[in-house]
Amino acid sequence: MAVAVAHPNVALVKYWGKRPGHGNVPATPSLSITLDGLTTRTRVDAAAENSLEINGERRRDAKVAGLVAALREEFALPAMRVTSCGNFPVGAGLASSASGFAALVTALDETFSLGLPASARAVWARRGSASAARSVFGGFVALDPDVGAATVLDRDEWPLEVVVAVTSDAAKAVSSTEGMTRSRDTSPFYGAWMHSTATDFDDACRAVHRRDFDALAATAEHSCLKLHALMLSTRPGLLYWNAATIDAMRAVRAMRDAGTPVFFTIDAGPQVKAVCLPAAAATVADRLGELAGVKRVMRVGLGAGARLVEG
Ligand code: DP6
């Protein structure tokens, strides 16, 4: 048996849409930061029959089953017991599936001695959920559909902080997988999204290499708002925000206008992640925590990639 931990990641340049065909390959490149503090811990044991338990509940999960079936086409795997728990809500736009699949593949690789390097674990994690490929790595991580996932800058080379403003603990109504299929099929903006994302990715990678916070802030907020414009233009429209989401975005913009180095990003859910320089994190957390609709704030740094831990 083996136990692995992994953290969620938040994309600064978003992906939304897959390449046609197999393998769950994103259509466009993305750039993320892996988050510390929020953690999924997954144990894999060889067992008499297959079972999956998430946060203490026995579950069936089509994506986990699909990933294990795909692995079985390449490796002779026995039946297994998978036990996973996380210290944050599942399915609420906090990338629980990303940390979940990164930890699962890492534990499975060790339990069954598959000998997979991190780049190959990322390919398998991507089969479960595309953004999970990024959680295999730490710090600033690029996921290029043609090249795979890799760290572009280590977390200690530019130790940003993230204040997560939780505005709802409810699971999202439309999953990312379903939402992006709908956007591809119905949004008149999908072509523009596909064409413009590579430029955002190049700009953001350059900003990260130069540690240029203002340039990264501009590109990341643009990518986030463009993603949500795409979602809104889908039929039926995908509206993941609530009133507190918008209040938090405005508060972040007001802080930045007043000179605080902070920008927001939001995924397929109502939580606002405020990315800032470490010196600003306490102010940002206090300000967002004061907003009426914000249930709580979490302050996290940048995290390491998926790794084995002692059972
Ligand atoms: C908005 O990776 O969760 O967070 O591969 O279908 O599981 P599936 O989708 P997923 O989509 C993530 C979408 C996003 C943007 C991003 O993380 O790049």
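From a predicted model like this one, the values you see are computed outputs, not experimental measurements.

K.L.:
Please explain the pattern of salt bridges as it appears in this structure.
P.N.:
Summed over all chains, the structure comprises 17 salt bridges. For D45, the salt bridge is made with R43, and the minimal N-O distance between the two is 2.8 Å. Looking at R43, the relative accessible area reads 33%, which means it is partly exposed. Here R206 ties to D203 by a salt bridge, and the two come within 2.7 Å at their closest N and O atoms. In this pair, R206 and D203 are both assigned in helix 6 (residues 190–210), three residues apart and thus about one turn of the helix distant. Residue classification places R206 among the partly exposed positions, given a relative accessible area of 45%.

K.L.:
Quick question: what am I supposed to make of the packing of aromatic side chains here?
P.N.:
Centre distance and the angle of the planes are the two values used to describe a pair of aromatic rings. The full count for this structure, using the stated rule, is three aromatic pairs. Judged by centre distance (5.4 Å) and plane angle (50°), the rings of F213 and F263 are tilted. With a gap of 50 residues between them, F213 in helix 7 (residues 213–232) and F263 in strand 11 (residues 262–265) connect regions that are remote in the sequence. Assessed through its relative accessible area of 7%, F213 is described here as buried.

K.L.:
Would you explain the sheet that holds strand 2 (residues 9–13) in this entry?
P.N.:
The strands making up a sheet associate through backbone hydrogen bonding, with each pair oriented either parallel or antiparallel. Here we have four strands laid out as an open sheet, ordered 2-3-8-9, and antiparallel in their pairing. Edge positions in the open sheet fall to strand 2 and strand 9 (148–153), since each of these has one partner strand only. If you compare each strand with its neighbour and ignore which way they point, the axes differ by 35° on average. Where strand 2 lies against strand 3 (residues 30–34), four bridges are found, and the strand directions are antiparallel. Bridging across to strand 3, N9 finds its partner in T34. Taken strand by strand, helix 6 contacts strand 2, strand 3, strand 8 (140–144) and strand 9, and its axis lies near 40° from that of strand 3.

K.L.:
How should I be thinking about the sheet that holds strand 13 (residues 296–300) in this particular structure?
P.N.:
Spatial strand order, 11-12-10-13: four strands in an open sheet with antiparallel pairing. Strand pairing shows two members of the sheet lacking a second neighbour, strand 11 and strand 13, which therefore form its edges. Averaged over all neighbouring strand pairs, the angle between strand axes comes to 25°, with direction disregarded. Where strand 10 (residues 161–166) meets strand 13, five bridges bridge the pair, whose relative direction is antiparallel. Residue V162 lies in a different strand from strand 13, and its bridge partner there is V300. Contacting strand 11 and strand 12 (272–276), helix 8 (residues 243–257) crosses the sheet at an angle of about 155° to strand 11.

K.L.:
How do you make sense of the site of the ligand when you look at a structure like this?
P.N.:
The local shell around the ligand holds 17 residues, among which K18, S129, A130, R134 and T177 are the closest. Within the backbone of Y15, a nitrogen or oxygen atom sits 2.9 Å from an oxygen atom of the ligand. In isolation the ligand offers 460 Å² of accessible surface; the protein chains occlude 93% of this area. With three residues, helix 5 (residues 176–186) is the largest single contributor of residues to the shell around the ligand. Residues of the shell around the ligand, tallied by class, amount to seven nonpolar, five polar and five charged.

K.L.:
Is there a simple way to explain the pairing of strand 9 in this structure?
P.N.:
Remark: a regular strand shows side chains that alternate across the two faces of the sheet. Taken together, the five bridges between strand 8 and strand 9 define a ladder with antiparallel strand orientation. Within the sheet, the bridge partner assigned to L143 lies in strand 9 and is A149. As consecutive antiparallel partners, strand 8 and strand 9 are separated by three residues.

K.L.:
Just to check I follow, could you spell out the nonpolar core for this structure?
P.N.:
As a rule of thumb, soluble globular proteins bury nonpolar side chains together. With 35 residues, the main nonpolar core has M80, L104 and L108 as its most contacted residues. Looking at this core, the elements that each hand over two or more residues are strand 1 (2–6), strand 5 (51–54), helix 1 (62–74), strand 7 (80–86), helix 2 (96–111), helix 3 (118–128), helix 4 (132–135) and strand 8. Top element by residues in this core is helix 2. It accounts for eight residues. In this structure L108 touches V44, L71, L77, M80 and L114, once residues within four positions along its chain are discounted. L35, V164, F201 and F263 belong to the second largest nonpolar core, which has 30 residues in total.

About the thresholds
Residues numbered from 1 in each chain as written. Predicted model: local features only at pLDDT ≥ 70, side-chain atom pairs only at ≥ 80, totals over all residues. Heavy atoms only, no water. Salt bridge = Lys/Arg side-chain N within 4 Å of Asp/Glu carboxyl O. Buried < 20%, exposed > 50% of the residue type's maximum accessible area, 1.4 Å probe, protein only. Helix = DSSP H or I, 4+ residues; strand = E, 2+ residues; numbered from the N terminus. Phe/Tyr/Trp six-rings, centres within 6.5 Å; stacked < 30°, edge-to-face > 60°. Pairing = 2+ DSSP bridges. Axes fitted to C-alpha atoms, helices over the stretch in contact; angles between N-to-C directions. Contact = heavy atoms within 4.5 Å. Near = heavy atom within 4 Å. Polar contact = N/O pair within 3.5 Å; in protein donor to acceptor, adjacent residues only side chain to side chain. Areas by Shrake-Rupley, 256 points an atom, 1.4 Å probe, with all protein chains shown as cover. Nonpolar A, V, L, I, M, F, W, Y, C, P; charged D, E, K, R; others polar. Core = buried A, V, L, I, M, F, W, Y, C linked by side-chain atoms within 4.5 Å.

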